[in-house]
Amino acid sequence: MNEIWTEKYRPKDLDDVIGQKHITERMKAYVSSGNMPHLLLAGPAGTGKTTCALALARGLFGSEWTGNFVELNASDERGIDVVRGKIKDFARTSPLGNAEFKIIFMDEADALTSDAQAALRRTMERYSKVCRFILSCNYSSKIIDPIQSRCAVFRFSPLPKEDVENYLRMIIAKEGVKMDDDAVEGLIHVARGDMRRAVNSLQVAASLGKHITLDVIYQTTGLARPEEVKKMLEAALGGNFLGAREMLDNIMVTYGLSGQDVIKQIHSSFFDLSITDSEKVRLMDKTGEVEFRIVEGSNERIQLEALLAYLVMIGGSKR
């Protein structure tokens, strides 16, 4: 298991990209015409932005794609010197072979400084005849408007459950891994539309043995089982504060979770509780306050126990 499965099973063609048909159909039109504008790919992590960029370059340039495609990560190289140096030098050189232009793919472009983005805007405009840019980001709002106006914007969405399941089962079959059906469901729940996270979690679980169970999935992904979190919340609502506090201890120790990890799972579990909508609203408001305090540096144990105490009070008003 020396190879990373996310790279081993990365689609090589636009037809093989999972779950983004509304985007891949438009990109295939670029391949057919042999031309493309500057592109801005925006959306959550693990939804196929880099995969689509690579597949588009392969479709446009064929076997010569590696010479006409360069990938940069703005998280590593985010200053104005990179735009004026490395990017500008590559952009102004002629493409190789019969290609009419080259492609610069800049991942995590929302990490670029404002000065770097301003310099990039001019570079995109000046060398557009021989170079096209593909910018990938999680938050398009962090890209300045002049760059967005120069790009065709593609917005990626989290992958549907069915597409994630089909892709995982393909990998499971090819790798000869035995996996319980409820473990597959748990992995899909953990991934939340992020294919990279799903595949990486599957590989980690498979490294522990050829038979993967639901317990293995939650232990390797660093998440508590949803039913355990729900049981803790129900205990607090039932007035058993000490019991709920002990369950919180077990969850944090067993799964090695931080306060922010726990508060996220508590937030997800609120919607499964048998309480009124008005009580859910009050809990959501309190959870947001606790999460903010934890982020700002408050003691996470005190804040989580304060949330459990609030649940006890809400439950007590009903008894």
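## Side note on the packing of aromatic side chains
Part 1 of the argument: Counted according to the given criterion, the structure contains four aromatic pairs.
Part 2 of the argument: Here the aromatic rings of Phe61 and Phe101 are separated by 5.7 Å at their centres, their planes lie at 65°, and the arrangement is edge-to-face. Residue Phe61 is located in helix H3 (residues 49-61), and its partner Phe101 is located in the loop between helix H4 (80-91) and strand E3 (102-107); the two are separated by 40 residues in the primary sequence.
Part 3 of the argument: Judged by relative accessible area, Phe61 falls into the buried class, the value being 10%.
Part 4 of the argument: Note on Phe101: relative accessible area 2%, which makes it buried.
Part 5 of the argument: Between Phe69 and Phe105 the ring centres are 6.2 Å apart and the planes differ by 20°, which places this aromatic pair in the stacked class.

## Examining the packing of helix H9 (residues 195-206) against helix H10 (residues 214-221)
Part 1 of the argument: Running from N to C, H9 and H10 cross one another at 110°; their axes reach a closest spacing of 9 Å. Here H9 lies roughly perpendicular to H10, going by the angle between them. The crossing of H9 and H10 is right-handed. From H9, Arg197, Ser201, Val204 and Ala205 reach across to H10, where they touch Val216, Ile217, Thr220 and Thr221.
Part 2 of the argument: Within the contact of H9 with H10, the residues separate by chemical class into four nonpolar, three polar and one charged.

Calculation notes
Residues numbered from 1 in each chain as written. Predicted model: local features only at pLDDT ≥ 70, side-chain atom pairs only at ≥ 80, totals over all residues. Heavy atoms only, no water. Phe/Tyr/Trp six-rings, centres within 6.5 Å; stacked < 30°, edge-to-face > 60°. Helix = DSSP H or I, 4+ residues; strand = E, 2+ residues; numbered from the N terminus. Buried < 20%, exposed > 50% of the residue type's maximum accessible area, 1.4 Å probe, protein only. Axes fitted to C-alpha atoms, helices over the stretch in contact; angles between N-to-C directions. Parallel < 35°, antiparallel > 145°, perpendicular 65-115°, else oblique. Left-handed = near helix turned anticlockwise from the far one by under 90°. Contact = heavy atoms within 4.5 Å. Nonpolar A, V, L, I, M, F, W, Y, C, P; charged D, E, K, R; others polar.

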